[in-house]
Amino acid sequence: MIGSEDIDHRAVDILRRNDRGHYTVPTAGLYPFQWNWDSAFVALGFAVFDRDRAWREIETLLGDQWTDGMVPHIIFRGSDEGYFPGPDQWGTESEPPTSGITQPPVAATIVRQLHDRDPGQNHDRASALLPSLDRWHQWFRAARDPQGRGVVAVIHPWETGRDNAPEWDAPLAHVDTTGVESYQRRDTQHVNADQRPRDAEYDRYLALVRFGREHNWDSEVIAERHPFWVADIGLNAILLRAEDDLAALAGDLGEAAIAAAAADRARHLRAGIETLWSDTVGGYVSRDLRRQRSTDIVSVGSLLPLYCGVTRPERAARVVATMRDWLKLVRYGVPSFDPSDGGFDSVRYWRGPVWAVINWMLADGLGRGGDVDLADRIRGDTRALVESSGFYESFDPITGAGCGGRDFSWTAAIWLAWAPPSRVAALA
Ligand code: DGY
């Protein structure tokens, strides 16, 4: 069996091969540009062997922030016909071209981790990123929660990062696809179609892109009329954790105004997230804000409140119990959907497979909450998946087989982030 040290070197090699100098592609072919939350996680991996490069990844990402504060989900650096939908479909007229939506804001949490690794040395680099992170988080509140509910909305399943999660089915069913012109999917030329979203979902994804393009990505129109306006429990939990980390980091760096603003937004979100609790299903769930209807679907997004800290102990215990129930039904955790549900599909993207970055967030939250054994189990399962199948995009929780893209940057990054200090020393 191949040793952990060899796997460390393979992980470094993947990051180097996917490195395009100042940003990293998630994987060649399937995702050939810069993706937002991928880049943030990738920085955790670079931090292990090349700290300067780790900072540059985030600096590049935030360098193309929109003037209104949004940080786009894709930044189209260069051209690649192998990806669809490209810049023309988005029509954002930004330079470099970008998509018109955002992605889960993990960057502030990761910047805090980079800073805490060697606080004395990175004061200036961390301080320089604070205003961008603050403006991005402010944008979430202004553009995506104009009514002040305490939870922010997403306008596309791609913003959640969990593209085809089952909780989007009901809100997507209301999206009219009549104007969508014929198109050719590229993703299924890189990866088996049974591991990707279905065509019916893709039609709706494109209808949503079209709505944004036709309305010039105008935040006010979007807030009033966008056909998909959903509070994702996962993204809200990630944003809350990011606000807490931004407040702490800004405090450490002596930026009192940013620290206070982030702490205020965090208070607001912490109360808002509790409104997403469903007594019907006994869990945190996403909500269709357009129709004021709870999705009442418990997916891995429902477990992410553990990452931002759940203030009500009985609810935290229930979330942990749900995770433990799921883990009894699979060989490798954590599945992205309830394995006992009829809609569970062990290979189809976000309807079952295990994702290393989700495991990183869950293990981190569980560790902070004192569930050390469960955190260890999740880290151990992730490592076992990589050892047996390699650095895939995601993994079948029943068989352990790799799914989606191979040589995936964020899977390599999480492997490295969890390598013990004795091994890391050999890589730097
Ligand atoms: C895709 O193209 O499948 C991506 O997930 C969008 O970010």
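As shown above, the structure is provided for reference.
Along each chain, residue indices are assigned from 1 in the same order as the chain's sequence is written. Since the coordinates come from a predicted model, pLDDT governs what is reported: local features require at least 70, and pairs of side-chain atoms require 80 or more to be given and counted, while whole-chain, interface and lining totals use all residues. As a convention, hydrogens and water are excluded, and side-chain values are obtained from all of the structure's heavy atoms.

Colleague: What am I meant to see in the overall build of the protein chain here?
Modeller: In this description a helix means any DSSP run of H or I spanning at least four residues, a strand means any run of E spanning at least two, and both kinds are numbered starting from the N terminus. If you tally the helices and strands in the protein chain, you get 19 helices and 9 strands. The C-alpha atoms of the protein chain give a radius of gyration of 20 Å, which matches the 22 Å a tight globule of 428 residues would have. In terms of principal-axis extent, the alpha carbons of the protein chain reach across some 55 × 50 × 50 Å. A 1.4 Å probe rolled over the protein chains alone gives each residue an accessible area, and that area as a share of the maximum for its type sets the label: buried under 20%, exposed over 50%, partly exposed in between. Counting all 428 residues of the protein chain, 61% fall into the buried class. Taking as baseline every contact in the protein chain between residues at least 6 positions apart, the subset at least 24 positions apart corresponds to 70%. The sign given to each residue is positive for Lys and Arg and negative for Asp and Glu; His and the chain ends receive no count. Lys charges are placed at NZ, Arg charges at CZ, Asp charges at CG and Glu charges at CD. Averaging the coordinates of the 46 positive side-chain charges in the protein chain and doing the same for the 62 negative ones gives two points 2 Å apart. When we talk radius of gyration, it's over C-alpha atoms, and the globule rule is simply 2.2 Å times the number of residues to the 0.38. Every residue pair with non-hydrogen atoms within 4.5 Å of one another is taken to be in contact.

Colleague: In this structure, what is going on with the site of the ligand? I would like to understand it.
Modeller: Surveying the vicinity of the ligand reveals the residues Tyr31, Trp35, His73, Tyr83, Trp158, Asp163, Arg196, Tyr202 and Tyr349. Polar contact is the term for a pair of N or O atoms within 3.5 Å; when the atoms are in protein, one must be able to donate a hydrogen and the other to accept it, and sequence-neighboring residues count only if both atoms are side-chain atoms. Here tyrosine 349 contributes a side-chain N or O atom positioned 3.5 Å from an oxygen atom of the ligand. Contact with the protein chains hides 96% of the accessible area of the ligand, taken as 230 Å² for the molecule alone. Put simply, Ala, Val, Leu, Ile, Met, Phe, Trp, Tyr, Cys and Pro go in the nonpolar bin, Asp, Glu, Lys and Arg in the charged bin, and everything else, Gly too, in the polar bin. A per-class count over the shell around the ligand returns 6 nonpolar, 1 polar and 2 charged. Summary of the distance rule: residues count as near a molecule or strand when at least one heavy atom falls within 4 Å of that molecule or strand. Here the accessible surface of atoms and residues is derived via Shrake-Rupley with a 1.4 Å probe, and residues count as covered only by protein chains that are part of the display.

Colleague: Mind showing me how you'd approach the packing of helix H2 (residues 36-49) against helix H5 (residues 107-117) here?
Modeller: A pair of packed helices is characterised by two quantities: the angle between their axes and the separation of those axes. Viewed as axis vectors pointing N to C, H2 and H5 meet at an angle of 15°, and their least axial separation amounts to 9 Å. The angle between the axes of H2 and H5 places the two elements in the roughly parallel class. Helix-helix and strand crossings are classified by hand; for H2 and H5 the assignment is left-handed. Contacts from Ala40, Phe41, Ala43, Leu44, Ala47 and Val48 in H2 reach Ala107, Ile110, Gln113, Leu114 and Arg117 in H5. In terms of residue class, the contact of H2 with H5 is made up of 9 nonpolar, 1 polar and 1 charged. Convention adopted: a line fitted to C-alpha atoms gives each axis, helices being fitted over their contacting stretch, and angles between N-to-C directions are expressed from 0 to 180 degrees. In this scheme, roughly parallel covers angles under 35 degrees and roughly antiparallel covers those over 145, while 65 to 115 is roughly perpendicular and the rest are oblique. Handedness of each helix crossing follows the sense of rotation of the near helix against the far helix: counterclockwise by less than a right angle gives left-handed, clockwise gives right-handed.

Colleague: So what exactly am I meant to see when it comes to the packing of helix H16 (residues 356-368) against helix H17 (residues 372-389) here?
Modeller: Interaxial distance between H16 and H17 falls to 8 Å at its minimum, and their mutual angle equals 160°. Classified by the interaxial angle, the pair formed by H16 and H17 is roughly antiparallel. Taken as a pair, H16 and H17 cross one another with a handedness that is left-handed. Contacts from Ala356, Asn359, Leu362, Ala363, Leu366 and Gly367 of H16 reach H17 at Val372, Leu374, Ala375, Ile378, Arg379 and Thr382.

Colleague: Help me out: how do you make sense of the sheet that holds strand S3 (residues 230-231) in this one?
Modeller: What holds strands together in a sheet is hydrogen bonding between their backbones, with the strands either parallel or antiparallel. At least two DSSP bridges between two strands are required for those strands to pair. Read from one edge to the other, the open sheet built from 3 strands follows the order S3-S6-S7, with strand pairing classed as antiparallel. Each edge of the open sheet is held by one strand with a lone partner, namely S3 and strand S7 (293-294). The pairing of strand S6 (residues 287-288) with S7 spans 2 bridges and is classified as antiparallel. Bridge pairing in S7 links aspartate 288 to arginine 293.

Colleague: Mind showing me how you'd approach the side chain of asparagine 122 here?
Modeller: By the secondary structure assignment, asparagine 122 is in the loop between H5 and helix H6 (123-144). Given a relative accessible area of 10%, asparagine 122 falls into the buried group. A distance of 2.7 Å separates polar atoms of two side chains, one belonging to asparagine 122 and the other to aspartate 118. The residues touching asparagine 122, leaving out its near neighbours within four places in the chain, are Trp55, Leu114 and His115.

Colleague: What's the story with the side chain of arginine 423 in this structure? I'm lost.
Modeller: With respect to the helices, strands and loops of the structure, arginine 423 is situated in helix H19 (residues 421-425). Among the polar contacts made by the side chain of arginine 423, one reaches the side chain of aspartate 8 at a distance of 2.6 Å. Discounting residues that sit within four places of it in the chain, arginine 423 has contacts with Ser4, Glu5, Asp8 and Trp415.

Colleague: Where do I start with the nonpolar core in this structure?
Modeller: When a protein is soluble and globular, its nonpolar side chains tend to lie buried together. For our purposes a nonpolar core is just a set of buried Ala, Val, Leu, Ile, Met, Phe, Trp, Tyr and Cys residues, chained together by side-chain atoms within 4.5 Å. Counting 139 residues, the largest nonpolar core has Phe41, Met323 and Met361 as the members making the most contacts within it. In terms of residue count, the dominant contributor to this core is helix H12 (residues 233-252) (11 residues). If sequence neighbours within four positions are ignored, methionine 361 has contacts with Trp37, Phe41, Val106, Ile238, Leu304 and Tyr307.

Colleague: So what exactly am I meant to see when it comes to unusual backbone geometry here?
Modeller: Residues other than glycine predominantly adopt negative phi, and peptide bonds predominantly adopt the trans conformation. Cis geometry is found at the peptide bond from phenylalanine 84 to proline 85, where omega equals 5°. A cis geometry characterises the amide bond from glutamate 95 onward to proline 96, with omega recorded as 0°. Mapped onto the elements of the fold, proline 96 is located in the loop between helix H4 (87-90) and H5. Positive phi values are uncommon outside glycine, yet aspartate 296 reaches one of about 50°. Looking at the secondary structure, you find aspartate 296 in the loop between S7 and helix H14 (305-308). Positive phi, normally seen in glycine, also occurs at aspartate 407, with a value near 45°. Examined against the element boundaries, aspartate 407 turns out to sit in the loop between strand S9 (402-403) and helix H18 (409-417).

Colleague: When you look at the pattern of salt bridges in this model, what are you seeing that I'm missing?
Modeller: Side-chain pairs of opposite charge can arise where the charged atoms are in close proximity. We count a salt bridge whenever a side-chain nitrogen from Lys or Arg sits within 4 Å of a carboxyl oxygen from Asp or Glu. For the structure on display, the rule yields 37 salt bridges. Salt-bridge contacts for arginine 270 lead to aspartate 244; the nearest nitrogen and oxygen are separated by 2.5 Å. Of the two residues, arginine 270 sits in helix H13 (residues 256-274) while aspartate 244 sits in helix H12, which places them 26 residues apart along the sequence. When its relative accessible area of 22% is taken as the criterion, aspartate 244 is described as partly exposed.

Colleague: Please explain helix H1 (residues 4-18) as it appears in this structure.
Modeller: Residues three or four positions apart in an α-helix share a direction because the helix packs 3.6 residues into each turn. With 15 residues, H1 should reach 21 Å at 1.5 Å per residue; the first-to-last C-alpha distance of 21 Å fits that figure. Tucked inside the fold, the buried residues of H1 contact H2, H17, H18 and H19. Here a helix's expected span is defined as the number of its residues, less one, multiplied by 1.5 Å.

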